[in-house]
Every structure is written in C-alpha cells, then in structure tokens.
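# Breakdown of the fold
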Amino acid sequence: MNKVKFCEKEDFSFPPLPNCMVYFLLQGEEVVYVGQTTTGVVRPLSHKDKQFDQIKVLFVDKDDLDEAEGYFIAKYKPKYNTKLTGHFRLLTARDKIREKTGDHSFTVRGLRKKCQTIGIDIVSINGLSYITGRDIDMIVADMKEGE
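Residues numbered from 1 in each chain as written. Predicted model: local features only at pLDDT ≥ 70, side-chain atom pairs only at ≥ 80, totals over all residues. Heavy atoms only, no water.

## Things to note about the sheet that holds strand 6 (residues 128–132)
How we decide: Strand pairing is assigned whenever DSSP detects at least two bridges linking the two strands. Under the scheme used here, helices are H or I runs from DSSP no shorter than 4 residues and strands are E runs no shorter than 2 residues, and both carry numbers assigned from the N terminus. The axes are straight lines fitted to the C-alpha atoms, using for helices just the contacting stretch, and the angles between their N-to-C directions are given from 0 to 180°. Note on definitions: a residue-residue contact is assigned when non-hydrogen atoms from the two residues lie within 4.5 Å.
What the three strands build is an open sheet, ordered 4-6-5; its pairing is antiparallel. Every interior strand has two partners, whereas the edge strands, strand 4 (87–89) and strand 5 (123–125), have only one. The average undirected angle you get between the axes of adjacent strands in this sheet is 45 degrees. Looking at chain direction, strand 4 and strand 6 are connected through three bridges and run antiparallel. Across the sheet, His 87 pairs through a bridge with Thr 132, a residue of strand 6. Along the sheet face, helix 2 (residues 90–101) touches strand 4 and strand 6 and points at about 95 degrees away from the line of strand 4. Relative to the sheet, helix 4 (residues 133–145) contacts strand 4 and strand 6, its axis offset from that of strand 6 by approximately 70 degrees.

Structure below.
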C-alpha cells in the first residue's frame, strides 16, 4: 500500500489532549470571554451561546488555572464573564479572614484599608470587588505578624 504524507501548506495542528489552558474568545480584537480547560481545544469550541470569531489560548500549569483565568477576566472585563474564578468577593474574603484570625470585628472597610496598606489590588467586574485566595493569606499573615 502506498502511503501519502500530509503536505498542505495552510495547515493548523491542534495540541494533544488533554492540555491545561486559559482560552480567550474574541470578536474582532475584543476579548468577549475568558475560560479555562483541562481538556484542550474541546471546551473553547463548545460555546455555542456566545458570538466570537477567534479563539486564542495560553498554556498554563493546572495549579495556576484559577489564578490565571481570574487575572485575565479582571484585565479584559469580557462581556460574557460575570464573575472572577479563583477570586473571592470582599464579603466572603472578610469572613475567611475573620475565621482564620479569630478577629470577628474585622470589616470590609478594614479589608480595603489593609489591601491598600500592603499593596493588594482589588479588582472589580460588573460592580463587584474581588481579591484572590493568596491575597487573603497575605492579609492573614500580616495581621498575625502585627499581634
């Protein structure tokens, strides 16, 4: 049997599956959605409910997926994303800090001030404010140092 080698010039190779990646759905040059997947290119192609004409991907270690996805949602503020993955709303963050430190008088205002003092960026999307789990750990460590 005669084997013919693939020789098309306008080809594109999909990466092997599974692969961890953060993906971006774009309409023109605008990022309209940011997501994450551990199954390679299958997930980005499943968004039939969103209008987009391009898909871009960044390969990310599995342990960094939530943080990377949240970072890019905060950066681009895509219209189809309605919350930040890997981030906590300030009320939830306050409650986690209260639980970890035992300081049940800690307030959201105190949280905002602490973020400003130690250089943590509070990100907002759709009018809600968020910080990461690492930020919470930094605040808790700072509060315990100050005891």
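## Some thoughts on the nonpolar core
Heads up, the condition is: For our purposes a nonpolar core is just a set of buried Ala, Val, Leu, Ile, Met, Phe, Trp, Tyr and Cys residues, chained together by side-chain atoms within 4.5 Å. Each residue's exposure class comes from its accessible area (1.4 Å probe, protein chains only) as a fraction of the maximum for that residue type: buried when under 20%, exposed when over 50%, partly exposed otherwise.
If you look at the biggest cluster of nonpolar residues, it comprises 16 residues, and the most contacted ones within it are Val 22, Phe 24, Val 34 and Leu 84. Broken down by secondary-structure element, the contributors of at least two residues to this core are strand 1 (21–27), strand 2 (30–37), helix 1 (65–76) and strand 5. Element by element, the count of residues in this core is highest for helix 1, at five residues. Apart from the residues within four sequence positions on either side, Phe 24 is in contact with Val 31, Tyr 33, Val 34, Gln 54, Ile 55, Lys 56, Leu 58, Phe 72 and Tyr 76. Membership of the second largest hydrophobic core comes to 12 residues, among which are Ala 93, Leu 111, Ile 120 and Ile 131.

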